[in-house]
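# Descriptive analysis of the structure
Each chain, written out:
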Amino acid sequence: MQGIQIIGMGKALPARRVENEAFTQMVETSDEWIRSRTGIQSRYFCKEERQMDLCAEAARKALANAGVCPEEIGLCVVATITPDYHTPSSACMVQKLIGLPEDIPAFDINAACSGFVYGLEVVSCMLGSDALKRPYALLIGAEKLSRIMNLQDRSTCVLFGDGAAAAVIRPSDAHRFFCRLGSQGNAEALNAPGAGYPELYIHMDGRKVFQFAVHAMENGIRLLAKETGVSPDEVDQFICHQANERIIRHVQKKLKLPVERFFMNLDQYGNTSGASIPIAMAELMEKGQLKPGTKAFCLGFGGGLTWGAAYLEF
Ligand code: COA
C-alpha cells in the first residue's frame, strides 16, 4: 500500500502572548491553578491577525522548508473549527493568499482537535487519486479560538490558544502510513454553537472530555500497535493533541512508556485544537527529532466527540 511522507513543515503564531496571570484580572483563577491542573503557562491570542493569515504564514514556511513551489501543490486542506468565513473556506483563502493553482481542490475539515489526523487520512487517500494532477498536498491545522472564548468562563478561557502549522506531503512507497478515525455525536461534553445562536462560545464539561481523552488515546495506541505490527516500544515519538499535561501523563504512565517520547509544548501554547498536533510536529522537526527512520504515533481527540490515531514514518 502506498504511504505518505511529510517533507516540510512550518508554524505561525500571533504576536500577542498571554500569560496565566492575565486571567486573574478577568475571572477567579490563579497561575497556580492553571499550571497544576493543565500544565499551561501561556498561550498566544490574535489581535489583528486573521485565521487565514496564520494559515498562509505557516504554509509559506512549510513550502520553503520542503523546497516546493506553490505551483506544485495539487490539494489544499485546512483542519479548523474557527475559520474566518463559513464560506469561502480557509483553504480557498489560502489558495488565493499564497498563489496556489486554481485547478486544485481546496476545502476545510471540521473535526476539532482531531482535525489534523483526519486531514492526514484524507490527504493520503486523495494523493492516490488520478484526479490530482500535481505531486504534493498542503495540509494545515489552524485556529483562532480566541474568537469563540468566553472570557467570563474560567472553566474554558484559560485552556485555549491561537496558532497554525502546515505540512507539505507527498505519496511515498518507502514511508508507511496507517490511520483509524472515529466519532460519536455528543454536544453535551463539548460544543461551540454556529451562527444564529445567542452566544457563540465554547461550552465544555471538562471531566467528561478528560475521560473520553484518556480512553481515546490509550485505545488509539493499542489499536495502532495491533494493526501496524509496530510495538509501542519501537515508537520514537508519540505526538499527542496538546490539551492537558495530565491527560498525556496519565496515558504514558498507564502504558508504562518512556516519558521522553511524549513531546509536550502545551505549556507555551495552551490547547490550539486543530493546530496542536502539527505545531508539535513542526517543533519536533525543527529540533531534528523527526529524522529519516523515525516512527511516530499521532493521537488526536476532541469535539465531536472525535478521535484519530495515525502511524507515520519520517
Ligand atoms: N481557576 C480556578 N478554579 C477553576 C478553574 C479555573 N480556571 N476552572 C474550574 N475551576 C474550579 C471548578 O469550578 C471546580 O470548582 P468546584 O469544585 O467548586 O465546583 C474546581 O475548579 C475543580 O474543577 P474540575 O472540573 O474538577 O477540575 P479538573 O481537575 O477536572 O480540571 C480541566 C478541569 C478543564 C482542566 C480538566 O477537566 C480538563 O483538562 N479536561 C479536559 C479538557 C480538554 O482537554 N478540553 C479540550 C478538548 S480537546
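Here the structure is shown first, and the text comes after it.
The following refers to the structure shown. (Residues numbered from 1 in each chain as written. Predicted model: local features only at pLDDT ≥ 70, side-chain atom pairs only at ≥ 80, totals over all residues. Heavy atoms only, no water.)

### Comments concerning the pattern of salt bridges
- Per the stated rule, a full pass over the model turns up 13 salt bridges.
- The residue Arg35 makes a salt bridge to Asp31 at a minimum N-O spacing of 2.9 Å. With Arg35 and Asp31 both in helix H1 (residues 31-38), this residue pair falls four residues apart, about one helical turn.
- By relative accessible area, which is 40% here, Arg35 ends up partly exposed.
- Between Lys295 and Glu234 there is a salt bridge, with the nearest N and O atoms lying 3.5 Å from each other. With Lys295 in strand E12 (residues 295-302) and Glu234 in the loop between helix H6 (206-228) and strand E11 (237-240), this pair connects stretches of sequence that are 61 residues apart.
- By relative accessible area, Lys295 is classed as partly exposed at 24%.
- For Glu234, a relative accessible area of 38% translates into the label partly exposed. (Salt bridge = Lys/Arg side-chain N within 4 Å of Asp/Glu carboxyl O. Helix = DSSP H or I, 4+ residues; strand = E, 2+ residues; numbered from the N terminus. Buried < 20%, exposed > 50% of the residue type's maximum accessible area, 1.4 Å probe, protein only.)

### Focus on the site of the ligand
- Around the ligand, a shell composed of 22 residues is seen, among which Thr29, Arg37, Arg154, Arg207 and Asn244 lie nearest.
- Between the ligand and the protein, one listed contact pairs a nitrogen atom with a backbone N or O atom of Arg154 at 2.9 Å.
- Note that an oxygen atom of the ligand is positioned 2.6 Å from one of the side-chain N or O atoms of Arg207.
- Against a free-state accessible area of 960 Å², the protein chains account for coverage of 75% of the ligand.
- When residues of the shell around the ligand are traced back to their parent elements, those giving at least two are H1, helix H5 (154-157), H6, helix H7 (245-254) and E12.
- Sort the elements by how many residues they give to the shell around the ligand and H6 lands first, with four residues. (Near = heavy atom within 4 Å. Polar contact = N/O pair within 3.5 Å; in protein donor to acceptor, adjacent residues only side chain to side chain. Areas by Shrake-Rupley, 256 points an atom, 1.4 Å probe, with all protein chains shown as cover.)

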